[in-house]
Amino acid sequence: MSYIEIKDLSFSYTKKRQILKNIGINIEKGEWIAILGHNGSGKSTLAKTIVGLLEPGAGSITVDGIKLDQDTLQSVRRKIGIVFQNPDNQFVGVTVRDDIAFGMENLCVPKAEMLERIEYFATKVGMEKFLDKEPASLSGGQKQRVAIAGILAMQTEIMIFDEATSMLDPYARGDLMEHIKKLHNEGLTIIMITHEIEEALLADRLVIMKDGAIFADGPKEELLKKPDLFQGSALELPFSLRLANQLTGAGFEEVRGYLWESAFRK
Ligand SMILES: Nc1ncnc2c1ncn2[C@@H]1O[C@H](COP(=O)(O)OP(=O)(O)OP(=O)(O)O)[C@@H](O)[C@H]1O
Ligand SMILES: [Mg+2]
């Protein structure tokens, strides 16, 4: 059995329209997958069903052997940290400090340990000077940083990032990716929803969604050799890979190999 098993999953917000259509994905422990797809393809809806915020109309989700339902919701939620696409939906506390603490409180992290982690992760995302500020007074990117600090501080076994870096400046994004790579090397399972090819290239495996269904799913190296797949996913391959694909069969195998390899270097 896989670590996360999503089986025949369907979901509708209204009777009129089915949003998720027979989704099936198995994710192994320690895997890093990127979920790609154009706006409205159902990525965020899928993420919300995985953490039990939306109840599937049909199908099942099993996490670490626990089938998600009303009775198991709490224990499944304890394993998964999620950063939502819109950081405004994530704030509950009066101060930044409260917000970073919130997820840890649900996990019953001891107070002293909690205070330490708040300092550490606020510093990690460069928000240590804002701990006593009201979250509403922050910029979009600062809110995203706080939301990310809160999830990192929970130290869950699985983390879902739903376009979590869309408002970060390149430095903050680079720092975060370095940290996530480190956590991945230590065994973290990562689901990263993104429109950024650079972020997608960090994953081991790509899942492309289209109109609420899985359009493609496989190792990154395999899918990237099929540029047509990306036309349906609102993603543009980086220049080096487009060039590499064009060089196929043109007698430039060595150059192609080099471009290819450099794109995949984590
Ligand atoms: N609360 C809601 N009520 C009704 N329909 C919704 C709701 N949230 C999303 N939808 C619809 O469900 C579909 C999938 O939305 P979702 O947010 O999952 O897409 P997405 O792939 O995350 O898109 P994006 O790349 O823009 O974030 C869209 O057609 C959207 O209009
Ligand atoms: Mg979304």
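Everything here concerns the structure above.
All values reported here derive from a predicted model rather than from experimental measurement.

Here is what the cut-offs are and how they apply
- One numbering rule holds for all chains: residues counted from 1, following each sequence as written.
- Working convention: letters from A go to chains and numbers from 1 go to ligands, in the order in which they are written.
- In view of the model being predicted, local features appear only for residues whose pLDDT reaches at least 70, and side-chain atom pairs are presented and counted only at 80 or more, with totals across whole chains, interfaces and linings using the full set of residues.
- Secondary structure elements follow DSSP: runs of H or I of four or more residues count as helices, runs of E of two or more count as strands, with numbering from the N terminus.
- C-alpha atoms define the radius of gyration, and 2.2 Å times the number of residues to the power 0.38 defines the globule rule.
- Three exposure classes are used. Buried residues have 20 or more other C-beta atoms within 10 Å of their own C-beta, exposed residues have 12 or fewer, and partly exposed residues fall in between, all C-beta atoms being placed from the backbone.
- Any residue pair is listed as a contact if its two C-beta atoms, each placed from the backbone, are within 7 Å.
- Working definition: the nonpolar core is a set of buried Ala, Val, Leu, Ile, Met, Phe, Trp, Tyr and Cys residues, joined through C-beta atoms within 7 Å.
- Note: two strands are recorded as paired if DSSP finds a minimum of 2 bridges between them.
- To get an axis, fit a line to the C-alpha atoms, keeping to the stretch in contact for a helix; angles then go from 0 to 180 degrees between the N-to-C directions.
- For each residue, a C-beta atom is placed from the backbone, and the residue is labelled near a molecule or strand when this atom is within 6 Å of it.
- Gly falls in the polar group here, along with every residue not listed as nonpolar (Ala, Val, Leu, Ile, Met, Phe, Trp, Tyr, Cys, Pro) or charged (Asp, Glu, Lys, Arg).
- The span you would expect from a helix comes to 1.5 Å times its residue count less one.
- Relative orientations are named as follows: roughly parallel for angles under 35 degrees, roughly antiparallel for angles over 145 degrees, roughly perpendicular for angles from 65 to 115 degrees, and oblique for any other angle.
- We call a crossing left-handed when the near helix sits turned anticlockwise from the far one by less than a right angle, and right-handed when that turn is clockwise.

(A) Spotlight on the overall build of the protein. When you go through the protein residue by residue, the secondary structure sums to 11 helices and 10 strands. Its C-alpha radius of gyration of 19 Å places the protein within 12% of the 18 Å reference for a compact globule of 266 residues. Projected onto its principal axes, the C-alpha positions of the protein cover 65 × 45 × 35 Å. Sorting the 266 residues of the protein into buried and exposed places 37% on the buried side. In the protein, the share of contacts with a sequence separation of at least 24, taken over all contacts with a separation of at least 6, comes to 62%.

(B) Inspection of the nonpolar core at higher detail. In terms of nonpolar packing, the biggest core is built from 69 residues, with I100, I148, A149 and I160 touching the most fellow members. Those residues in contact with I160 that sit more than four places away from it in its chain are A47, I50, V51, I80, I82 and I191.

(C) Spatial organisation of the sheet that holds strand β6 (residues 80-83). Reading across from one edge, β6-β7-β8-β3-β9-β10 is the order of the 6 strands in this open sheet, with mixed pairing throughout. The outermost strands of the open sheet, each flanked by one partner alone, are β6 and β10 (213-219). Neighbour to neighbour, the strand axes of the sheet diverge by 15° on average, direction disregarded. Taken together, the 4 bridges between strand β3 (residues 32-36) and strand β8 (residues 189-193) define a ladder with parallel strand orientation. Looking at the pairing, W32 lines up with I190 of β8.

(D) Inspection of the site of ligand 1 at higher detail. Taken together, Y13, I19, G37, N39, G40, S41, G42, K43, S44, T45 and Q85 form the complete shell of residues around ligand 1. Of the residues that constitute the shell around ligand 1, the class distribution is 2 nonpolar, 8 polar and 1 charged.

(E) Spotlight on helix α6 (residues 170-185). Helix length check: α6 (16 residues) gives 22 Å between terminal C-alpha atoms against 22 Å at 1.5 Å per residue, within 8%. G187 lies just past α6 and shows a positive phi near 110°.

(F) The packing of helix α4 (residues 111-124) against helix α5 (residues 140-154), seen in detail. Orientation of α4 relative to α5, taken along the N-to-C sense of each, is 135°, at an axis distance of 9 Å. By the angle between their directions, the pair α4 and α5 is classed as oblique. Of the two elements, α4 crosses α5, and the hand of that crossing is right-handed. Between α4 and α5, the residues in contact are R117, I118, F121, A122 and K124 and A149, L152 and A153, respectively.

(G) Main features of the pairing of β10. Here strand β9 (residues 205-210) pairs with β10 via 6 bridges, running antiparallel. Opposite K210, over in β10, you have A213 as the bridge partner.

(H) Broad picture of the environment of A122. One can find A122 in helix α4. Ignoring any residue separated from it by four or fewer positions in sequence, one finds A122 in contact with I100, M127, E128, L131 and A149.

(I) Highlighting the sheet that holds strand β2 (residues 20-27). As summarised here, the arrangement of the 4 strands in space is β2-β1-β4-β5, forming an open sheet in which the pairing is antiparallel. For this open sheet the edge positions go to β2 and β5 (66-67), each flanked by a neighbour on one side alone. Sheet topology places strand β4 (residues 58-63) next to β5; 2 bridges connect them, and they run antiparallel. Looking at β5, one finds that T62 is bridged to K67. Across the face of the sheet, helix α1 (residues 43-50) comes into contact with β1 (4-11), β2 and β4 while running at roughly 60° to β2.

(J) How the structure looks around the packing of helix α3 (residues 96-106) against α4. Viewed as axis vectors pointing N to C, α3 and α4 meet at an angle of 120°, and their least axial separation amounts to 10 Å. In terms of their interaxial angle, α3 and α4 are classed as oblique. Viewed along their axes, α3 and α4 form a crossing whose handedness is right-handed. For the pair α3 and α4, contact is made by R97, I100, A101 and M104 and by M114, R117, I118, F121 and A122, respectively. Of the residues belonging to the contact of α3 with α4, the class tally is 7 nonpolar, no polar and 2 charged.

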